[in-house]
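Structural description and commentary
Here is what each chain is made of, one letter per residue.
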Amino acid sequence: MIKAVFFDIDGTLVPIGDGGIPASTKKAIKLLKEAGIKVFISSGRHLAWINNLEGETFDGYVTTNGALCLLGDKETVVYKRTIDSGDVDRLVGFVNSHEIPFVIVPVDGNLFTTGVDDNFRTVTRLLRTPHVPEGKITDAVGLDVVQMMVFAPKEEIDSTNLFTDVLTHCDGTSWSPYFADIVPEGSDKSVGIDRMIEHFGIDISETMAFGDGDNDIGMLKHVAVGVAMGNAVDEVKAVADYVTTDVDKDGIMNALVKLGVLK
């Protein structure tokens, strides 16, 4: 029996570039709640950047790819893991010598970017994120940082030795050619899920998750039933237990009915 369902946001609950949750998905969430099944967000976004759920409420939020997890009241922290302070210190020199923007994501959600370029503009426009103020990379020193984002293609990031020489205690994951999420080493949506279900007394065998991007792979492999959206990348579909239709083709509702979670 499924007792908890975890949803990625962009490309899963909401079509990329579209601010609306499909009507069938809203109905599915409502039916899950009525059936006594817990519903959770599991996103790369910080709570401060989750602005596209149209008032839908959830039992909890696994944010910043598992590094910061909060209950439905959006205040009670279930789990927090911050980036090594030495990595942040080394990043100061890196940013000062490379024209690559970074977004710094502190625990308190007061995000800022170290610069703006075409990659940054493309991503923030595509995801319809709130305005991100500019700041200096030195402003990150001493903060409890749960996530960062680097705005550059993977090939460029690799060529700078960012993760081998600078962010040596971090992991990078990307579902876009324009940027990558940076999280504390060992952080993953699956880690956040474990902390969340532990709080609610739910076993991993009673969980289900939906996703579409590379940062969902660990989550889909970890839960009892991992569902890839029809619009998911091939690597995600390969690890999923089931591949449903696209997000805007009733993908979530179709999977929940097909797999017997909803009638």
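Given the structure is predicted, the values throughout are model-derived calculations rather than measurements. (Residues numbered from 1 in each chain as written. Predicted model: local features only at pLDDT ≥ 70, side-chain atom pairs only at ≥ 80, totals over all residues. Heavy atoms only, no water.)

On to the nonpolar core, then. Counting 29 residues, the largest nonpolar core has F7, L13, L32, L53, F58, F210 and L256 as the members making the most contacts within it. Elements with a minimum of two residues in this core: β1 (4–7), α1 (23–34), β2 (38–42), β11 (207–211) and α9 (251–258). It is α9 that contributes the most residues to this core, four residues altogether. If we skip the residues at most four places from it in the chain, L256 touches A28, L32, M208, F210, V261 and L262. Judged by nonpolar contacts, the second largest core, of 23 residues, contains I83, I104, L162 and V166. (Core = buried A, V, L, I, M, F, W, Y, C linked by side-chain atoms within 4.5 Å. Buried < 20%, exposed > 50% of the residue type's maximum accessible area, 1.4 Å probe, protein only. Helix = DSSP H or I, 4+ residues; strand = E, 2+ residues; numbered from the N terminus. Contact = heavy atoms within 4.5 Å.)

A few words on the pattern of salt bridges. In total, this model carries 10 salt bridges according to the counting rule given. Residues D8 and K189 are paired through a salt bridge, measuring 3.1 Å at the closest nitrogen-oxygen approach. Here D8, found in the loop between β1 and α1, pairs with K189, found in helix α6 (residues 189–200); they are 181 residues apart in sequence, far enough to count as distant. Exposure remark for D8: the relative accessible area of 6% places this residue in the buried category. Classification of K189 as buried rests on a relative accessible area of 1%. Across the salt bridge formed by D158 and K154, the nearest N and O atoms sit 2.8 Å from each other. On the criterion of helical spacing, the pair formed by D158 and K154 is a turn pair, its members being four residues apart in helix α4 (residues 154–159). Overall, D158 belongs to the partly exposed group, its relative accessible area being 42%. (Salt bridge = Lys/Arg side-chain N within 4 Å of Asp/Glu carboxyl O.)

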